[in-house]
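Report on the structure
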Amino acid sequence: MAAGIVTSDIFEPYAKALMSLARENDLSDRIGEDAATVIEAIENAQELDQLLDSPLVEDDKKKAVLRSIFSEALHPYSLNFLLLLVDRGRAVFAKGIFEQYQALLREIKGIVLAEVVSAVALSDEQANEVRQRVLAMTGANDAELKTSVDGDLLGGVIIKVGSQVIDASLRSQIRRLSLQLTSAAG
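So, here is what we can say about the structure in this document. (Residues numbered from 1 in each chain as written. Predicted model: local features only at pLDDT ≥ 70, side-chain atom pairs only at ≥ 80, totals over all residues. Heavy atoms only, no water.)

**Here we look at the packing of aromatic side chains**
Counting across every chain of the model gives three aromatic pairs. Seen from their ring centres, F11 and F93 are 6.1 Å apart, and the 65° between their planes marks the pair as edge-to-face. Of the two residues, F11 sits in helix α1 (residues 2–24) while F93 sits in the loop between α5 (76–87) and α6 (94–109), which places them 82 residues apart along the sequence. Side by side, F11 and F93 carry an identical accessibility label, which is buried. (Phe/Tyr/Trp six-rings, centres within 6.5 Å; stacked < 30°, edge-to-face > 60°. Helix = DSSP H or I, 4+ residues; strand = E, 2+ residues; numbered from the N terminus. Buried < 20%, exposed > 50% of the residue type's maximum accessible area, 1.4 Å probe, protein only.)

Below, the structure is given as structure tokens:
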């Protein structure tokens, strides 16, 4: 619990500072795209995550690697922000800070994030149906879907928006049916 408080105390001020810079320069969406690029790179490259986390790697080397990876992909403000995180000893928190930036951007735009777990990858039509259900449920302007596949579900979906969870999975339906049968038999 204390670790969560410490990290949110770090994520939020940096994300808000980046948002302030982005809004002043009418770059909120562009830096949001850059945030997605950085998050994806950290999630998909364990070596990058380890590099940012390592106290043994000198800051100059970290910055050189970040420049080589991101100099063409990111707006200069986003790259300079990453380099600032290295200078401040906060590079290990880059992913969380950029995720917090995206949360702020969604909040400003009235967009909700829905985490969707399904038994198989959703088609475009299915994803749109889920998006419409989330919009009806939340009244938001738009919904961003973060999808993942869990073969253990057997079928259906689990949708999580904030603290709300809609479990329309086959596994859950079977469990409910089993409980009904058990209580009816007893």
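That was the structure; now back to the text.
**Remarks on the environment of V165**
Its location among the elements puts V165 in strand β4 (residues 164–169). Counting along the chain gives 144 residues from V165 to L21, while the straight-line C-alpha distance between them is 35 Å. The residues touching V165, leaving out its near neighbours within four places in the chain, are I158, I159 and K160. (Contact = heavy atoms within 4.5 Å.)

**Observations regarding the environment of F98**
Structurally, F98 is set in helix α6. Between the C-alpha atom of F98 and that of S163, which follows or precedes it by 65 residues, the distance is 21 Å.

**Quick notes on the packing of α5 against α6**
Between α5 and α6, the shortest axis-to-axis distance is 11 Å and the interhelical angle comes to 135°. As summarised for this structure, α5 and α6 are arranged oblique, according to the angle between their axes. Regarding α5 and α6, the two cross each other, and that crossing is right-handed. From α5, S78, F81, L82 and L85 reach across to α6, where they touch A94, I97 and F98. When grouped by side-chain class, the residues that make up the contact of α5 with α6 number six nonpolar, one polar and no charged. (Axes fitted to C-alpha atoms, helices over the stretch in contact; angles between N-to-C directions. Parallel < 35°, antiparallel > 145°, perpendicular 65-115°, else oblique. Left-handed = near helix turned anticlockwise from the far one by under 90°. Nonpolar A, V, L, I, M, F, W, Y, C, P; charged D, E, K, R; others polar.)

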